[in-house]
Amino acid sequence: MGFKSFTLGVLLRVLLIVLVALLAAYLFLQNGSITYPILMVWVLVLLSFNLISYVTVTNRKISRFLESIRYSDFSSSFTKDSILGNSFREMNMSFNEVIEAFKKTRAQKEEQMLFLQIMIQHINTGIISFDSQGKIGVINGAAKQLLQIPQFKDINDLGKLSNNLKEEVLKLKPGGSFAIRINSEIHLNVQSAAFKMEGQSWTLLSFQNIKSELQKNELEAWQNLTKVLRHEIMNSMTPIASLASSLGVILEEDVKEGDEGELTLDKESFLDLSEGLETIFKRSNGLVDFVNAYRDYTNIPQPDLKVFPVKPLFENIRILLKEELAKSQIHLICELTPIDLEVIGDQDLIQMILINLVKNGKEAMEKAVNRNIILKGGMDSHSHPFIQVIDHGEGIVPEALERIFVPFYTTKKSGSGIGLAISRQIMNLHKGSLDVTSKPGEKTVFTLSFK
């Protein structure tokens, strides 16, 4: 409505200027005198100034409104304009409503920002943000207390605490994480995220001191290991001690001394001694094998990480296990998407894991109707490569799904229970993971995930 009135005002003023100009021309042509035309010219000048003032004041008002929006200056207000009359009251009200809406929105954002700042300062996780130039944006109290770096203004100041920490942070990709031991009191877990603000790229880091958690996990690991070692050693030593005692009784009671000092033993006692010593020998060898398996688990070589194609790896496994699987009438099917899939890892160690998993699958499929084991490679939703070994055997019950990765735990009648534990440890050294899902009686899927 206001803009329509403004248009009408401009048209009326233009029309009036035109009419005055025509009147001046008419008077000049009729009388030949320039007195009236000069008077009309002055009137035209006044009308033109009025028109210019009418338009200029409006433009200034709109410019002031737009500048208020541009510079977020919402202290301005627009009232009735006596120069322009009542026609612009509606526009003034609209301007004021828009400014009030912006003012309310800014107040809400400031409240949200204040809430976020308070929350960031009160969480126990250290938070640091820095831009592409390394300049620090936000740093909370937990980060200052944890890192203990005075005058922290640039991300390179992390070098004051640890050069290794600075180097790892600078090469850390968005979404990545790493753990690093700074000293006896600080063992950091660092995670990264990226975002953009006002066209500038920012990196957000979170720091957590996981020393206490590691100590807790280490204690639990030692307790579990002690339980396993005690169980296995007791299982071996108790029958050995009992049997040795029985053999001592045989020697004491059944060995007889002859007239010339020779010792004699009847055949039955001799056979008992022989059998007992053989049993001690076998059980002792079993205990040695157990200790060697533990040594193998704790001495896994550091992987030699290289990029390698998965297709030749699958082909090698197929050839290596062809005869063994054929004897059990099991077919190994290889699936790759894309066909040129590559992973970063130690090819020999990954091959060892896959051979172990395929053999486990074969043993689980003794009574299976579906005689196929599938080696599958692909990319997950985060574009990370994975390799799966899928069998259709008896499966794994839910309560045993995680326990199968515990060293020396096994569901087989024979086996050391060390293969899956070593396989997961190898994947951990690759900064990847080994996981399992299973539907008993249907299928079991082991997944090797790579970064």
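Keep in mind it's a predicted model, so treat the numbers as computed, not measured.

**Considering the overall build of the chain**
Point 1. From N to C terminus, the chain includes ten helices and 14 strands.
Point 2. Residues classed as buried in the chain amount to 33% of the 451 residues present.
Point 3. In the chain, once contacts between residues fewer than 6 apart in sequence are set aside, the share between residues at least 24 apart is 56%.

**Details of the packing of helix α8 (residues 310-327) against helix α9 (residues 347-364)**
Point 1. Contact pair α8 / α9: the axes reach a minimum separation of 10 Å and the direction vectors enclose 35 degrees. In the packing of α8 onto α9, the handedness of the crossing is right-handed. Taking contact as the criterion, the partners of Leu 313, Phe 314, Asn 316, Ile 317, Leu 320, Leu 321, Glu 324 and Leu 325 in α8 are, on α9, Gln 347, Ile 350, Gln 351, Leu 354, Ile 355, Val 358, Lys 359 and Lys 362.
Point 2. Looking at the contact of α8 with α9 residue by residue, the class counts come to ten nonpolar, three polar and three charged.

**Some points on the side chain of Ser 162**
Point 1. Among the secondary structure elements, Ser 162 is positioned in the loop between α4 (141-147) and α5 (163-170).
Point 2. The exposure class of Ser 162 is buried, given its relative accessible area of 14%.
Point 3. A polar atom in the side chain of Ser 162 sits 3.4 Å from the backbone nitrogen of Asn 164.

**A closer look at the packing of aromatic side chains**
Point 1. With the rule as written, the count across this model stands at one aromatic pair.
Point 2. When the ring of Phe 195 is compared with that of Trp 202, the centres are 6.5 Å apart and the planes differ by 15 degrees; the resulting orientation is stacked.
Point 3. When its relative accessible area of 32% is taken as the criterion, Phe 195 is described as partly exposed.

**Some details on a negative patch on the surface**
Point 1. Taken together, the side chains of Asp 266, Glu 268, Asp 272 and Glu 275 make up a negatively charged region of the molecular surface.
Point 2. Here Glu 268 lies in helix α7 (residues 267-298).
Point 3. Residue class for Glu 268 comes out exposed when judged on its relative accessible area of 58%.

**Focus on the nonpolar core**
Point 1. Ranked by size, the top nonpolar core spans 39 residues in total, and within it Ile 350, Leu 354, Phe 446 and Leu 448 carry the most contacts.
Point 2. Listing elements by their share of this core, those giving two or more residues are α8, β9 (331-336), α9, β11 (372-379), β12 (385-391), α10 (419-429), β13 (433-439) and β14 (443-449).
Point 3. Ranked by residue count, the leading element in this core is α9, at seven residues.
Point 4. Residues in contact with Ile 350, not counting those within four places in the same chain, are Phe 308, Leu 313, Met 427, His 430, Leu 448 and Phe 450.
Point 5. Core analysis: the second largest hydrophobic core is formed by 22 residues, Leu 158, Phe 178, Ile 180 and Val 190 among them.

**Some details on the pattern of salt bridges**
Point 1. The tally for this structure, following the rule as stated, stands at five salt bridges.
Point 2. We note a salt bridge from Lys 306 to Asp 304, for which the minimum N-O separation is 3.6 Å.
Point 3. What makes Asp 304 partly exposed here is its relative accessible area of 44%.

**Some remarks on the confidence of the model for the chain**
Point 1. Here the chain averages 77 in pLDDT, while 76% of its residues score no lower than 70.
Point 2. Mean pLDDT per element in the chain: helix α6 (residues 211-254) is the minimum at 69, and β12 is the maximum at 93.

**Description of the sheet that holds strand β5 (residues 200-209)**
Strand-to-strand pairing in sheets goes through backbone hydrogen bonds, with the strands running parallel or antiparallel.
Point 1. Across the sheet, which stays open at both edges, the five strands sit in the order β2-β1-β5-β4-β3 with antiparallel pairing between neighbours. Each end of this open sheet is capped by a strand with a single partner; those strands are β2 (136-139) and β3 (177-181). This sheet shows a mean twist of 25 degrees between the axes of neighbouring strands, independent of strand direction.
Point 2. Note: strand β1 (residues 126-131) against β5, six bridges, orientation antiparallel. Each residue of the ladder has a partner; that of Ile 128, found in β5, is Leu 205.
Point 3. Relative to β3, α5 is tilted by about 175 degrees, and along the sheet it contacts β1, β3, β4 (187-197) and β5.

**Side note on the pairing of β13**
Every other side chain in a regular strand lies on the same face of the sheet, so the side chains alternate between the two faces.
Point 1. Going residue by residue along β13, you find Leu 434, Val 436 and Ser 438 tucked away on one face and Ser 433, Asp 435, Thr 437 and Lys 439 left uncovered on the opposite face.
Point 2. Both β13 and β14 contribute to a ladder of seven bridges, which runs antiparallel. Bridge assignment links Lys 439 to a residue of β14, and that residue is Lys 443.
Point 3. In this antiparallel pair of consecutive strands, β13 and β14, the connection spans three residues, and Gly 441 shows a positive phi of 85 degrees.

**Topic: the packing of α9 against α10**
Relative placement of two packed helices is described by the angle separating their axes and the distance separating the axes.
Point 1. It is at 10 Å that the axes of α9 and α10 come closest, and there the two elements cross at 145 degrees. Regarding α9 and α10, the two cross each other, and that crossing is left-handed. Residue-level inspection shows Leu 349, Ile 350, Met 352, Ile 353, Asn 356, Leu 357 and Asn 360 of α9 in contact with α10, the latter providing Gly 419, Leu 420, Ile 422, Ser 423, Ile 426 and Met 427.
Point 2. When the residues that make up the contact of α9 with α10 are grouped by side-chain class, the tally is nine nonpolar, four polar and no charged.

Conventions adopted
- Residues numbered from 1 in each chain as written.
- Predicted model: local features only at pLDDT ≥ 70, side-chain atom pairs only at ≥ 80, totals over all residues.
- Heavy atoms only, no water.
- Helix = DSSP H or I, 4+ residues; strand = E, 2+ residues; numbered from the N terminus.
- Buried < 20%, exposed > 50% of the residue type's maximum accessible area, 1.4 Å probe, protein only.
- Contact = heavy atoms within 4.5 Å.
- Axes fitted to C-alpha atoms, helices over the stretch in contact; angles between N-to-C directions.
- Left-handed = near helix turned anticlockwise from the far one by under 90°.
- Nonpolar A, V, L, I, M, F, W, Y, C, P; charged D, E, K, R; others polar.
- Polar contact = N/O pair within 3.5 Å; in protein donor to acceptor, adjacent residues only side chain to side chain.
- Phe/Tyr/Trp six-rings, centres within 6.5 Å; stacked < 30°, edge-to-face > 60°.
- Patch = residues over 30% accessible without salt bridge, like charges linked within 9 Å, V, L, I, M, F, W, Y side chains within 5 Å.
- Areas by Shrake-Rupley, 256 points an atom, 1.4 Å probe, with all protein chains shown as cover.
- Salt bridge = Lys/Arg side-chain N within 4 Å of Asp/Glu carboxyl O.
- Lys, Arg positive; Asp, Glu negative; His and termini not counted.
- Charge placed at Lys NZ, Arg CZ, Asp CG, Glu CD.
- Core = buried A, V, L, I, M, F, W, Y, C linked by side-chain atoms within 4.5 Å.
- pLDDT = per-residue confidence, 0-100.
- Pairing = 2+ DSSP bridges.

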